Structure formats: structure tokens, C-alpha cells
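Now for the letters of each chain:
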Amino acid sequence: MSSYVRNAWYMAAWAEQVPDGGFLSRRLLDRLWLIWRLSDGSIAMIEDRCPHRFVALSKGRRDGDRVVCGYHGLGFDSTGQCVHSPFPDVQPRAQVATMYAVERHLGIWFWPGDPALADPASIPDYAYLDGDRPAERGHLVIKGNYELMTDNLMDLTHAEFIHVESFGTNGSIFIGKQSVKQEPDGAIWNNWDIAGAEPPGWAAPMLEEGAKIDQWLHMRWHAPANMDLSIGIAKADSNRAELVVPPLRNPHIVTPETTGTSHYFYDHAPGEAEAAQARRVFLEEDEPMIESAEEALAGQDFWDARPLILASDAGAIRARRRLMQMRRSEAVAANEA
Amino acid sequence: MSSYVRNAWYMAAWAEQVPDGGFLSRRLLDRLWLIWRLSDGSIAMIEDRCPHRFVALSKGRRDGDRVVCGYHGLGFDSTGQCVHSPFPDVQPRAQVATMYAVERHLGIWFWPGDPALADPASIPDYAYLDGDRPAERGHLVIKGNYELMTDNLMDLTHAEFIHVESFGTNGSIFIGKQSVKQEPDGAIWNNWDIAGAEPPGWAAPMLEEGAKIDQWLHMRWHAPANMDLSIGIAKADSNRAELVVPPLRNPHIVTPETTGTSHYFYDHAPGEAEAAQARRVFLEEDEPMIESAEEALAGQDFWDARPLILASDAGAIRARRRLMQMRRSEAVAANEA
Amino acid sequence: MSSYVRNAWYMAAWAEQVPDGGFLSRRLLDRLWLIWRLSDGSIAMIEDRCPHRFVALSKGRRDGDRVVCGYHGLGFDSTGQCVHSPFPDVQPRAQVATMYAVERHLGIWFWPGDPALADPASIPDYAYLDGDRPAERGHLVIKGNYELMTDNLMDLTHAEFIHVESFGTNGSIFIGKQSVKQEPDGAIWNNWDIAGAEPPGWAAPMLEEGAKIDQWLHMRWHAPANMDLSIGIAKADSNRAELVVPPLRNPHIVTPETTGTSHYFYDHAPGEAEAAQARRVFLEEDEPMIESAEEALAGQDFWDARPLILASDAGAIRARRRLMQMRRSEAVAANEA
């Protein structure tokens with residue numbers, strides 16, 4: 001069985017990571033891919049490997065919408081077809097693997113399965129990213145399997161331990177009510193709703209002395225590991241009407257680079273200090289845990305390691321099970337074909 | 001067949017390496033272990049891996065005698081039992097693997113086999129370490145299998161080649177008499193007794209001109225790789241009564257970290273220069289040889305590589321054979337069970 | 001089937017890389033070898049691994065023509081025989097693997113197959129290196145399989161893409177005529193002959209304005225990867241009589257270190273700047289392509305990756321096929337034996 005579900009949308013990059021007039025070369029699901037923007041503004045994505053001597057095409061150059069291999073000069077168009085040879089009378093028949101890709105919600109999304117099944121309307125909804133929203137985007141490569149990232153993000157109780165100083169958490173989640181919901185489009189929500197809690201330290205000055213808050217932390221997941229977090233803080237007993245701060249919403253999108261490493265796409269408030277803080281929180285607080293789990297499993301299957309399952313894991317475990325079912329279905333279909 | 005004998009005492013650390021109020025995390029026999037000192041002074045040793053999301057428990061904190069995982073707050077006692085959850089109404093049933101461990105002769109000793117067979121009285125005798133002896137302890141991690149370390153220490157003729165300058169050896173061992181002895185407790189001794197030899201350069205000024213010495217180098221081995229070296233130098237023909245220097249005795253204790261790397265525990269005279277000298281001799285003179293052999297074997301079994309066996313290897317080879325027999329017996333017993 | 005043909009001449013080193021009175025230790029075809037010069041001027045080559053405790057003999061010392069292991073003092077002669085023990089009454093019977101090796105054309109050549117078949121007369125002809133030729137020799141270790149190096153050197157069209165600035169190529173090869181020849185001694189030539197081309201930029205000032213040139217680039221290959229390049233530039237229509245620059249001839253000799261890394265032996269005009277330029281061209285222009293192909297194949301067989309074959313590959317492909325036939329023949333012979 002493949003480590004990856006094929007018929008699903010993955011994010012390859014933030015669109016702004018594709019350089020004007022150049023290439024983005026990125027390892028995704030174990031293979032190296034070449035991404036570039038065509039003159040009509042659309043996105044091309046083909047395997048970053050010349051079929052002649054197997055060097056990365058990204059070591060070559062652009063010739064209009066074509067890619068020219070840097071080693072012996074073969075040219076390829078955005079459909080992966082060889083369309084140019086430096087020898088005038090020769091037209092090699094060769095085809096590079098292609099990937100169905102579209103731009104949506106500031107990201108480049110790709111579908112590694114059957115292109116006939118790829119419906120851009122099923123890309124998870126991050127429409128709020130499209131608007132005039134003050135944010136900058138970040139990208140990190142993490143030394144851990146993408147499902148360990150899902151575990152992290154779908155179980156926010158971890159913030160009470162590893163983000164105490166950075167986020168000012170104070171244990172309020174443990175008096176919260178957890179609920180897990182599924183939606184017809186495959187979304188799984190892991191929601192925490194907390195009533196009458198102490199405010200976090202940074203919010204206390206914005207409230208009357210002794211005032212309590214209601215807080216909600218709602219994480220939405222779409223397979224394989226596309227997540228979206230909504231956070232709200234309101235004065236207690238205001239029926240969530242009197243917000244203490246504007247509601248927060250942030251993408252947390254994870255794409256396998258390999259089975260042991262993951263691309264992590266996120267955003268944050270604009271500014272260099274904010275970018276550094278976002279990186280710091282992730283790299284110093286979350287990443288060591290994920291890397292530690294990756295090392296401990298050392299390639300062992302998560303279920304074979306017989307994990308202890310807590311009630312607070314309900315959303316994370318449901319996401320893992322969904323993904324397992326999808327991979328199994330694809331394996332059965334592949335065997336039948 | 002396992003690479004390691006299970007029913008045997010190994011040393012995990014010098015006791016002083018376990019920090020007050022903290023943890024020692026150490027890889028031993030391929031697994032990561034967590035060692036800490038309880039308030040009653042005894043030693044706890046459990047696997048350094050949370051059964052929930054598999055992160056190292058050593059990334060967490062102490063809560064009295066308990067360990068609290070740094071990721072989601074589960075607490076474990078010294079028996080590996082989960083005894084705390086941050087959710088007040090939840091009591092997870094989970095158990096971390098434990099290791100039988102005791103403190104003895106300044107070291108932490110552990111028994112990876114059946115705890116019912118673990119008798120602290122069978123820990124090799126290093127009682128001389130307990131006394132008021134001027135010494136400091138050292139620890140190195142070596143890039144070589146632990147049995148290559150045994151080969152090194154059980155065949156001291158190597159000192160005549162790689163320690164000529166550091167120890168002032170002058171070839172006297174080659175006129176010595178080697179004897180190998182076994183004791184009922186499993187000890188194997190590889191002894192060199194040298195009569196009427198030239199003194200080493202550093203000892204010459206302590207003797208009359210032209211005076212000869214008797215010297216003995218006795219190495220004791222207990223499985224798996226716990227060694228102890230006794231050295232004496234006396235005036236020749238004094239029946240070992242007129243010692244030139246006080247007799248020396250030093251532990252040389254080796255514990256596998258992995259099959260290709262080893263912990264080496266030793267001691268030396270107090271002082272920074274002495275510590276540096278001990279490290280230098282080992283790292284610059286012995287370690288390159290051990291690493292070279294490890295690379296040359298590249299995982300191949302020692303016997304499959306058909307080593308040339310010299311008479312001077314008698315002790316080292318007997319130790320290797322004993323260990324092989326022990327591993328075979330355990331493999332047979334495991335198959336029968 | 002072995003990754004290497006055995007009954008063939010490989011170059012181990014430039015002769016000047018064998019230090020006077022010392023050793024050269026070099027990994028060749030996956031094994032570590034020890035090379036030294038005997039007092040009669042001939043070359044000895046034995047495995048760099050003591051049969052006693054498997055350490056590299058190169059960590060020892062010379063004793064005349066003998067090698068003395070640095071760990072326990074065993075001595076070996078140039079036939080690999082153990083001829084010395086530090087114990088006077090002991091004569092160990094032990095034999096280190098040897099390699100048939102001779103010095104020729106400034107290089108040390110070895111024959112890993114049946115020594116009875118090794119005929120120094122079949123070493124590829126680099127006799128021009130022996131003369132009074134102003135040149136210095138270079139050696140690099142490349143992160144790529146040796147056949148990827150052959151692909152590079154036997155298809156010089158790559159110079160039109162990756163060496164445009166360093167060599168001033170201007171596309172003239174694409175109007176050239178390619179011919180592939182085989183010789184009875186197994187040589188394969190991949191020749192480009194170009195008539196009436198624009199001169200490269202650096203040659204233009206040496207010609208009348210508008211003058212054209214004839215150019216030839218002839219690469220000779222002998223298995224496994226011993227190549228030799230001849231370059232000439234003459235005024236067009238002079239029947240190659242009026243040379244623009246003296247003819248160039250250079251060795252390009254490749255020997256596997258491992259299946260994924262290669263020794264590359266070459267030469268260049270004398271001088272530090274020339275040495276730096278030769279290294280720069282290879283390391284910055286060729287090596288990234290070869291390493292990229294090595295990474296893309298990731299151990300996959302070249303043919304299994306179904307390479308696109310161009311007409312310009314004719315020489316490189318013929319060399320690959322010849323080598324494949326040789327390896328197959330040796331595998332069949334080995335099975336029959």
C-alpha cells in the first residue's frame with residue numbers, strides 16, 4: 001500500500017514561491033517536481049528530470065513557456081512533450097511525467113491521482129486568504145511524517161505544554177468541551193469550546209479585573225493534511241457577541257516531501273519580527289516533538305507501535321483512520337485494475 | 001539471534017552523570033532510556049518514549065518522582081505506569097517499558113533480561129572504586145562495536161604499537177608470559193607477567209642504573225564487556241615486594257549504544273590535564289583503530305570475516321566465544337518459550 | 001551481476017600521488033587498497049586491511065619494503081604475505097589480498113580480474129604523457145557512477161550548454177558530422193568533425209576577419225572508462241594543414257570508487273590558475289549534472305529508467321553496451337566456474 005493517497009489535493013507551494021520567469025523545484029511525495037508560470041498566467045508542473053540523462057530540468061533555463069535542459073539542450077513544453085532539439089533535423093519523441101496543478105487561495109495545488117477525477121472545486125476552502133487580509137506566508141520543511149504533523153495540529157491540548165510562554169496558555173482547555181464533527185465534503189472538525197475561563201495573560205489588560213472569557217479553537221481537516229484553524233475570544237456570558245480580539249483564522253497545510261519529512265505552509269501577521277516569532281514557535285516548540293516521534297518510530301507504522309489513545313485524540317485519530325481508508329481503497333482499486 | 005546477551009549486567013552511566021532533579025537520556029542496546037534519581041535515592045529507568053505520541057519523555061519535566069511528558073502532559077511514575085492526565089476525569093491505562101537498574105560502585109547498572117534472574121551480587125566487583133580513591137571518571141562514545149573494544153582491551157600487546165609515546169612502552173611485553181584463567185563467576189583473565197624487563201622511560205630515574213623490573217598487566221573480563229585492569233611494577237628479583245610505583249587498578253567498562261557504537265567508561269587521576277590526556281590517548285590512539293575495523297567489517301560478522309588468530313589473542317577470543325555461547329543459549333531458550 | 005568488469009585495466013592513481021617512503025590508501029571498486037613503491041621502483045598493491053583485527057594497514061608504517069600494521073605489529077610483504085610477528089617464536093600464516101598493478105604513462109594501473117590475463121601491453125595508449133610535455137595532473141572524486149562520467153565525456157555536445165563561457169563554445173558542433181568507430185583493441189571513438197564553422201571567441205583575434213575554421217573533437221574510449229580527447233582547430237579549407245593552435249590531447253580517465261562515486265583523473269596546462277580553472281570547470285559545470293543524474297536514478301539501473309536515446313549519444317551508448325556485454329560474459333563465466 002502506498003504511503004500516500006493519490007486522489008486528493010495537496011499544496012505544492014505558496015504561489016509567491018514560484019519565481020517570475022524562473023522555476024520552482026520541489027520534492028513532493030518523494031519525487032522532484034518542476035513548477036513554473038506560463039505566459040497566460042497558468043501553472044505548469046512536470047517531473048524535474050530530463051528523460052535523456054536524468055538531470056534536473058531546473059538546472060536549465062526558460063525559453064518562453066518552454067524548459068530547456070541545461071545539459072544537452074532538449075526543450076520541453078508545459079505538457080512535458082519534448083519540442084526542441086539543438087540538432088535541427090532531429091525531433092526526439094519523449095514525454096516527461098506531468099502533474100495536474102492549479103492555483104487557488106494563494107497556493108499551488110496538485111492532484112497526484114487520476115486527472116479525470118481532479119475537480120478544483122474540491123480544493124479545501126481557504127477563500128478568506130484571497131481577500132485583502134494583512135498576512136504573510138511561511139514555509140518550513142519538518143523532519144517528520146506528515147501524519148505526525150496532523151496529530152500535532154488536530155490535538156491542540158499540546159499548546160498547554162509546549163506553547164505556554166509563546167501563547168500564554170493557562171490550562172483553560174482542560175475545562176473545555178471537545179466535539180468532533182464530519183462534513184459531507186470529508187472535512188473533520190476537532191473543536192474545543194471553553195466557557196468561563198481565565199483570560200490568557202496578554203488579554204487580561206483588555207478586560208475588567210476578574211472578567212472571564214469564552215474561547216473557541218476549531219480546527220478543520222481535509223485529507224491528506226490540509227488544516228484550517230479558527231480562534232475566537234469573547235467576554236464570558238456575551239453569547240460570543242462581545243469579542244475581545246478580532247477572530248483569527250489561519251491555514252496550516254502540510255504536504256509530504258518524503259515519508260519522513262514534510263512541507264508545512266502557514267501564515268502570520270506581517271512583519272519581520274512576526275515571521276521570526278512564527279518560525280521560532282514552530283521550530284523550537286513543535287518541531288523537536290515531531291522529530292522525536294519520527295526518530296522513535298524509525299519507519300515503524302504508527303498503529304504497529306500501539307499508541308495510547310486519549311479522548312482528546314478523537315479528531316486526530318478520526319483523520320488518521322479516514323486517510324487509512326482512502327489509501328486502502330486506492331490500493332484495492334489499483335490491484336483490481 | 002540478538003546482537004546482545006540479555007541476562008547480564010551492563011553499565012548505563014556513571015552515577016554522577018544522572019543530574020540532580022533532572023534526567024539522563026541515553027541510548028543503550030539500540031533503545032533510548034530515561035534514568036533519574038528518586039527522592040529515596042534509588043534509581044528509576046524506563047524507556048524514554050511516551051506511549052501516546054512517541055516523543056522522548058526526557059523532553060518533559062520532573063514532578064517530584066514522576067516524569068511529565070512535555071507534549072501533552074501525561075505523567076508516569078518510576079514503574080512506568082501512567083499516573084496523571086491533565087484531564088481531571090481521565091485516567092489512561094498505559095505502561096512504559098521499564099529496566100531493572102541499581103547503583104553500585106559509582107555506576108548505574110542495568111539488566112535487560114528477565115528481572116527475576118537479576119542478582120545485584122553478580123555485578124562485577126569494582127569495590128575499590130567505592131573507597132576514598134583519588135580519581136575522576138570519564139565517558140566516551142566510540143564508533144565501533146563493543147566486542148572490538150573488548151578485543152582492544154583484552155589484547156594489551158597493542159600498547160606496544162599505539163601507545164609507545166603516551167605510555168612509554170618499550171617492547172617488554174614480548175618477553176612476557178601470557179596466561180588465561182577462568183573463574184567460577186564467569187570472569188576471564190588475560191594476564192601478562194614480565195620478568196627482568198627494561199623499565200619504561202618514566203620509571204628509569206626511580207631505579208638504580210641498569211636495574212631491571214618485573215611487571216604484570218592483568219585484565220579481568222566479565223560478560224558482556226566489563227573489564228578491570230591491574231598493573232604492577234616491582235624491582236626485578238624482589239618477588240614483587242619492592243614496588244616501584246603503587247599498584248594501579250582501573251575500570252574499563254563498555255556498553256553497546258548500538259551495534260556499531262559503544263559507551264566507554266573509564267577513570268583516571270584527578271585533574272584537567274589528566275582528563276585531557278586520558279581522552280587524547282583513547283581518541284587519538286585507540287579509537288582510530290577501532291573505527292577502522294568497524295568500517296572494514298561494515299556489519300559483517302567477525303567470524304565470517306575469518307580473522308587471523310594469534311596466541312596473544314587467547315583472552316580476547318575466549319571472551320568472544322563465551323559471549324557467543326551466552327547469546328546462543330538465550331536464542332535457544334527464546335525459541336523454546 | 002557485478003557492477004564492475006573485472007578483466008580490464010583501471011587507473012588507481014597518478015604515480016606522483018604515491019608518496020615517497022609512504023603509502024597511498026584509496027577506495028577502488030568498493031574496497032580499500034594500499035599502494036606503495038618498493039625499493040626497486042616497482043609498485044605494490046594489497047588490500048588495506050589487516051587480516052588480524054581488520055584495521056587499515058595504512059594506519060601503520062613502512063619497514064623497508066614491508067608494511068607493519070599499526071595495531072599489533074604484524075608485518076606484510078608486497079605479496080601480501082605475513083612475514084613478521086613481534087613475538088620472536090611465532091610466524092603467523094596469513095595472506096592479504098593482492099592486486100596486480102603496474103606503472104605506465106604516469107599512472108598506476110591495476111587489473112582486478114584474473115592476473116594470468118593481465119597484459120600491460122593492453123593498457124590504453126597514453127604514451128604522449130610520457131614525453132616532455134608541459135602539463136600538470138589533477139584528480140577529483142565525483143558523486144556519480146562512473147558510467148555517468150562516460151556519458152558526459154563521450155557526448156561532447158554538452159559543452160555547448162554547460163561550458164559556453166569557460167570554453168567559448170558557439171554552437172558549431174550542431175553543424176558537425178559525428179562518426180563512431182571501433183578498433184580491434186576494443187577502443188570506441190566518438191568523433192565530431194566540423195567544417196567551416198565560426199571560430200570560438202578566443203580564437204577570432206588569431207584569424208583574419210570573417211575567417212572560418214575546421215575543428216575536430218575526437219574522444220577515444222577503452223573499457224571500463226578510460227578516455228582520451230584530441231582537439232584540433234585549423235583554418236577552413238586548409239585540409240587541416242594550417243593549425244590555429246597546436247593540437248590538444250588530454251587524458252580523461254575514470255575509475256569507480258564505489259558504485260555511486262568515481263575517481264576522475266585529468267591533466268591541464270601548468271600553473272595554479274590553470275589548476276583552479278580545470279577544477280572550477282569540472283566542479284561547477286559538469287559535476288552538478290552528474291550528481292543530479294545520480295540522485296535521480298538513486299541506484300536504479302540506467303536501462304530500467306528507459307533513457308531517451310539521441311543520435312548524438314551513439315558513442316556513449318556503444319560504450320555502455322560494450323561494458324554491459326563484458327560484465328555479462330564475466331557473470332556467465334563465473335557461474336560456469
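All residue numbers here refer to positions counted from 1 along the written sequence of the relevant chain. Both sets of labels track the order of writing: A upward for chains, 1 upward for ligands. Where local features are concerned, this predicted model is filtered to residues with pLDDT of at least 70; where side-chain atom pairs are given and counted, the filter is 80 or more; whole-chain, interface and lining totals use all residues. For side-chain calculations, the full set of non-hydrogen atoms in the structure is used, while hydrogens and water are omitted.

J.: Help me out: how do you make sense of helix α4 (residues 272–297) of chain C in this one?
T.: Residues that lie three or four places apart on an α-helix share one face, since the helix turns once every 3.6 residues. All names here are of chain C. By definition, any uninterrupted DSSP run of H or I lasting at least four residues is a helix, any uninterrupted run of E lasting at least two residues is a strand, and each is numbered from the N terminus. Here the expected length of a helix is defined as 1.5 Å per residue gap, with one fewer gap than residues. For α4, with 26 residues, the first-to-last C-alpha span of 36 Å sits near the 38 Å given by 1.5 Å per residue. Its axis deflected by about 45° at Glu-287, α4 carries its strongest bend there, up to four residues before the proline Pro-288. Each residue is placed in one exposure class: buried if its accessible area under a 1.4 Å probe, protein chains only, is under 20% of its type's maximum, exposed if it is over 50%, and partly exposed if it falls in between. Looking only at α4, the buried set comprises Ala-278, Val-281, Phe-282, Glu-285, Asp-286, Glu-287, Met-289, Ile-290, Ser-292, Ala-293, Glu-294 and Leu-297. Contact definition: two residues touch when any of their heavy atoms are within 4.5 Å. Buried-residue contacts for α4 involve β11 (136–142), α1 (146–154), α2 (159–162), α3 (164–167) and β17 (261–268). Ala-298 occupies a position one or two residues after α4 and carries a positive phi of about 50°. Bend, in this description, refers to the angle at a residue between axes fitted to the seven residues ending there and the seven starting there.

J.: Would you take a moment to explain the packing of aromatic side chains for this structure?
T.: Describing an aromatic ring pair means giving the distance of the ring centres and the angle of the ring planes. What counts as a ring pair is set by centres within 6.5 Å for rings of Phe, Tyr and Trp (its six-membered ring), and what kind of pair is set by the plane angle: stacked under 30 degrees, edge-to-face over 60, tilted for all other angles. Inspection of the entire model under this criterion finds 44 aromatic pairs over all chains. Between the aromatic rings of Trp-192 of chain B and Phe-87 of chain C, the centroid separation amounts to 5.9 Å while the plane-to-plane angle is 20°, which identifies the pairing as stacked. Residue Trp-192 of chain B is located in strand β13 (residues 188–197), and its partner Phe-87 of chain C is located in the loop between β8 (82–84) and β9 (100–104); the two belong to separate chains. The residues Trp-192 of chain B and Phe-87 of chain C share a single accessibility class, namely buried. Charge-over-ring placement is defined geometrically: NZ (Lys) or CZ (Arg) within 6 Å of the ring centre, and within 35 degrees of the ring normal. It is Lys-181 of chain C that lies over the ring of Trp-189 of chain C; its NZ or CZ is 5.6 Å from the centre.

J.: Any chance you could explain the interface of chain C and chain A here in plain terms?
T.: Much of the literature gives interface size as the accessible area that the parts lose upon coming together. If you look at the interface, chain C gives 27 residues, while chain A gives 19 residues. When two components associate, each loses some accessible surface as probed by a 1.4 Å sphere; the sum of these losses over both components is called the buried area. Looking only at chain C, the three residues that lose the most surface to chain A are Phe-161, Met-289 and Leu-308 of chain C, adding up to 31% of its buried area. When a carboxyl oxygen of Asp or Glu lies within 4 Å of a side-chain nitrogen of Lys or Arg, that pair is called a salt bridge. Taken together, the connections running from chain C to chain A amount to two salt bridges. With a closest N to O distance of 3.1 Å, Asp-151 of chain C and Arg-53 of chain A form a salt bridge. Nitrogen and oxygen atoms within 3.5 Å of one another constitute a polar contact, given that in protein one can donate a hydrogen and the other can accept it, and given that sequence-neighbouring residues count only through two side-chain atoms. Taken together, chain C and chain A are joined by seven residue pairs in polar contact (both at pLDDT 80 or more). When contributions to the side of chain C that touches chain A are tallied by element, the ones reaching two or more residues are α1, α2 and α4 of chain C. It is α4 of chain C that provides the largest number of residues to the side of chain C that touches chain A, a total of seven residues. Taken together, the residues that form the side of chain C that touches chain A break down as 17 nonpolar, six polar and four charged. Residues are grouped as follows: Ala, Val, Leu, Ile, Met, Phe, Trp, Tyr, Cys and Pro are nonpolar; Asp, Glu, Lys and Arg are charged; every other residue, Gly included, is polar.

J.: Help me out: how do you make sense of the sheet that holds strand β10 (residues 107–111) of chain C in this one?
T.: For sheets, the rule is that strands pair by backbone hydrogen bonds, running either parallel or antiparallel. Residues and elements named next belong to chain C. In spatial order, the strands read β1-β10-β9; together these three strands make up an open sheet with antiparallel pairing. The two strands at the open ends of the sheet, each matched to only one other strand, are β1 (10–14) and β9. Across the sheet, the axes of successive neighbouring strands diverge by a mean angle of 30°, strand direction being ignored. Pairing of β9 with β10 involves five bridges; the strand directions are antiparallel. Among the inter-strand pairings, Val-102 is bridged to a residue of β10, identified as Trp-109. For two strands to count as paired, DSSP must find a minimum of two bridges between them. Helix axes are fitted to C-alpha atoms over the stretch in contact, other axes to C-alpha atoms as well, and angles between N-to-C directions run from 0 to 180 degrees.

J.: Hey, could you run me through the pattern of salt bridges in this one?
T.: Pairing between side chains becomes possible if they bear opposite charge and their charged atoms approach one another. Residue and element names in this part refer to chain A. Tallying each qualifying case throughout the model produces 45 salt bridges over all chains. Note that Glu-103 and Arg-37 form a salt bridge whose closest N and O atoms lie 2.7 Å from each other. Linking Glu-103 in strand β9 (residues 100–104) with Arg-37 in strand β3 (residues 31–37), this pair joins segments that are 66 residues apart in sequence. A residue is classified by how much of its surface remains accessible, and Glu-103, at 36% relative accessible area, is partly exposed. Relative accessible area serves as the criterion here: at 24%, Arg-37 is assigned to the partly exposed category. Salt-bridge contacts for Arg-320 lead to Asp-151; the nearest nitrogen and oxygen are separated by 2.8 Å.

J.: It is not clear to me how the relation of the copies chain B and chain A should be interpreted in this structure. Could you clarify?
T.: One copy of the chain maps onto the second through a rotation about an axis and a displacement along it. You can overlay chain B on chain A at an RMSD of 0.1 Å; the transform is a turn of 120° with a shift of 0.0 Å along its axis. Taken together, these values place the two copies in the relation of a three-fold axis. Here the copies were fitted onto each other by least squares, based on C-alpha atoms from residues at pLDDT of at least 70 in both.

J.: Honestly, the interface of chain B and chain A in this entry has me stumped. Any pointers?
T.: Of the residues lining the interface, 19 residues belong to chain B; the matching set on chain A comes to 27 residues. Carbon and sulfur atoms supply 67% of the area that chain B and chain A bury against each other, a total of about 2000 Å² over both sides. Broken down residue by residue, the surface that chain B buries against chain A is led by Arg-53, Phe-54 and Tyr-71 of chain B, which jointly contribute 35%. There are two salt bridges connecting chain B and chain A. Partitioned by chemical class, the residues of the side of chain B that touches chain A number eleven nonpolar, four polar and four charged.

J.: When you look at the confidence of the model for chain A in this model, what are you seeing that I'm missing?
T.: Segments scoring low in pLDDT should not have their predicted coordinates read at a detailed level. The quantity called pLDDT is the predictor's confidence in a given residue, expressed from 0 to 100. Confidence along chain A averages 95 in pLDDT terms, with 100% of residues attaining 70 or more. Predicted as a complex, the structure gets a pTM of 0.94 and an ipTM equal to 0.92.

J.: What is the right way to look at the packing of helix α1 (residues 146–154) of chain A against helix α5 (residues 314–336) of chain A in this model?
T.: Packed helix pairs are characterised by how far apart their axes lie and by the angle those axes make with each other. Residue and element names in this part refer to chain A. Axis separation between α1 and α5 bottoms out at 8 Å; the angle between their running directions is 150°. Judged by the angle between their axes, α1 and α5 are roughly antiparallel. Viewed along their axes, α1 and α5 form a crossing whose handedness is right-handed. Contact residues: α1 offers Tyr-146, Glu-147, Leu-148, Thr-150, Asp-151 and Met-154, while α5 offers Gly-315, Ala-316, Ala-319, Arg-320, Leu-323 and Arg-327. A class-by-class count of the residues in the contact of α1 with α5 yields six nonpolar, two polar and four charged. Geometric relationships in this document are graded by angle, where less than 35 degrees denotes roughly parallel, more than 145 denotes roughly antiparallel, 65 to 115 denotes roughly perpendicular, and other angles denote oblique. Two helices crossing with the near one rotated counterclockwise from the far one by less than a right angle form a left-handed crossing, whereas a clockwise rotation gives a right-handed crossing.

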